[in-house]
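Here's the letter readout for the chains.
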Amino acid sequence: AQSVTQLDSHVSVSEGTPVLLRCNYSSSYSPSLFWYVQHPNKGLQLLLKYTSAATLVKGINGFEAEFKKSETSFHLTKPSAHMSDAAEYFCVVSDAGGGNKLTFGTGTQLKVEL
Amino acid sequence: KAGVTQTPRYLIKTRGQQVTLSCSPISGHRSVSWYQQTPGQGLQFLFEYFSETQRNKGNFPGRFSGRQFSNSRSEMNVSTLELGDSALYLCASSLRVGDTEAFFGQGTRLTVV
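Remember, it's a predicted structure, so these values are computed and weren't measured experimentally. All residue numbers here refer to positions counted from 1 along the written sequence of the relevant chain. By the order in which they are written, chains take letters starting at A while ligands take numbers starting at 1. In keeping with the predicted nature of the model, local features appear solely for residues at pLDDT of at least 70, side-chain atom pairs appear and are counted solely at 80 or more, and the whole-chain, interface and lining totals rest on all residues. Side-chain figures throughout are based on the complete set of non-hydrogen atoms in the structure, without hydrogens or water.

A. Looking closely at the overall build of chain A. Each helix corresponds to a stretch of at least 4 residues labelled H or I by DSSP, and each strand to a stretch of at least 2 residues labelled E; elements are numbered beginning at the N terminus. Of regular secondary structure, chain A possesses zero helices and 12 strands. Listing every helix and strand of chain A by position from the N terminus yields β-β-β-β-β-β-β-β-β-β-β-β. In this scheme, a residue with accessible area under 20% of its type's maximum is buried, one over 50% is exposed, and one in between is partly exposed, where area comes from a 1.4 Å probe on protein chains only. Counting all 114 residues of chain A, 45% fall into the buried class. Residue contacts are defined here by distance: any two heavy atoms, one from each residue, within 4.5 Å place the two residues in contact. Considering only contacts in chain A between residues 6 or more positions apart, those separated by 24 or more positions represent 56%. Surface exposure here means Shrake-Rupley accessible area, sampled with a 1.4 Å probe, where a residue is shielded only by the protein chains that are shown. As presented, chain A carries roughly 5400 Å² of accessible surface, and 50% of it is formed by carbon and sulfur atoms. Positive charges come from Lys and Arg, negative ones from Asp and Glu, while His and the chain ends are left out of the count. We put the charge of a Lys on NZ, of an Arg on CZ, of an Asp on CG and of a Glu on CD. Distance between charge centres in chain A, computed from 9 positive and 9 negative side chains, equals 5 Å.

Right, here's the structure in full:
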């Protein structure tokens, strides 16, 4: 079965500094991977997705992620954090059977300080 | 166009009662999935529907059930509520099966007392 592991439960950065949220995946096939963001009391918003096209994926709000098969990683980065980026971020892998089932990581809470 | 609509947004129920949650997907989307989010277990898949048929089911007891109507709207039902069922229930809408993009509603916050 496919799974994702988010390596940090909490990350704290200063505004204007780079963001790195780490995710490793486990899959016996070429997976579809996603990053979602959840602001307090809100639903989940898709930041970006990887579906076997370009390995460097650009998303919304300046976020991007790189798929590295050799390292089974899909880390999320942003060059410069903004206060509004404070939220919980989820790394997600889709169902191998072609369905729409998503398997979520445990989440990384990003804190942005002045 | 309108997003995914979940009703109600908040609900308080007593142990032993049953509850029905509703999800209206984005217009034209035919696949609806449900997830439970709790602080302890995180986000867990409940079930997936497409064209009124359940395609996939997560590892939840039979007290959790769902259905999808011909207009793609979906409901989930939880019977004999337990305290541990307190959670945020999220619905996701996709255009079709195998679609890689899911759009989430804001969720229904269920509190069981």
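B. Inspection of the pattern of salt bridges at higher detail. By convention in these notes, a salt bridge is any Lys or Arg side-chain nitrogen within 4 Å of a carboxyl oxygen on Asp or Glu. Evaluation of the coordinates by the stated rule reveals 10 salt bridges over all chains. When the shortest N-O distance is used, the salt bridge between Lys78 of chain A and Asp85 of chain A registers 2.8 Å. Taking relative accessible area as the criterion, Asp85 of chain A reaches 4% and is therefore assigned buried. Its salt-bridge partner being Arg63 of chain B, residue Asp85 of chain B comes within 2.8 Å of it at the nearest N-O pair. Of this pair, Asp85 of chain B sits in the loop between β8 (74-78) and β9 (87-94) while Arg63 of chain B sits in the loop between β6 (53-57) and β7 (64-68); the two residues are 22 residues apart in sequence, bridging distant segments of the chain.

C. Seen up close, the environment of Ala54 of chain A. With respect to the helices and strands, the residue Ala54 of chain A is situated in the loop between β6 (44-50) and β7 (56-58). Owing to a relative accessible area of 49%, Ala54 of chain A belongs among the partly exposed residues under this scheme.

D. Just the pairing of strand β8 (residues 64-68) of chain A, in detail. Residue and element names in this part refer to chain A. Side-chain alternation along β8 places Ala65 and Phe67 on a buried face and Glu64, Glu66 and Lys68 on a face that remains uncovered. DSSP bridges decide pairing: two strands pair if at least two such bridges lie between them. In this structure, β7 lies alongside β8, joined through three bridges in antiparallel fashion. Within the sheet, the bridge partner assigned to Val57 lies in β8 and is Ala65. Taking the residues that link successive antiparallel strands as the turn, the β7-β8 hairpin has five residues, and the phi of Asn61 there is positive, at about 60°. Note: β8 against strand β9 (residues 73-78), five bridges, orientation antiparallel. Counted as the bridge partner of Glu66 is His75 from β9.

E. Focus on the interface of chain B and chain A. With 23 residues of chain B in contact, the opposing surface of chain A contributes 19 residues. Here the quantity called buried area is the accessible surface, traced with a 1.4 Å probe, that two parts lose on coming together, added over both. Of the roughly 1600 Å² buried between chain B and chain A on both sides combined, carbon and sulfur atoms contribute 49%. Along the contact surface separating chain B from chain A lie one salt bridge. Lys49 of chain A is paired through a salt bridge with Glu101 of chain B; the nearest N and O atoms lie 3.3 Å apart. By the criterion applied in these results, polar contacts are pairs of N or O atoms within 3.5 Å in which, for protein atoms, one can donate a hydrogen and the other can accept it, and in which residues neighboring in sequence qualify only through two side-chain atoms. The interface formed by chain B and chain A contains seven residue pairs in polar contact (both at pLDDT 80 or more). Secondary-structure elements contributing two or more residues to the side of chain B that touches chain A are β4 (31-38), β5 (42-50), β6 and β9 of chain B.

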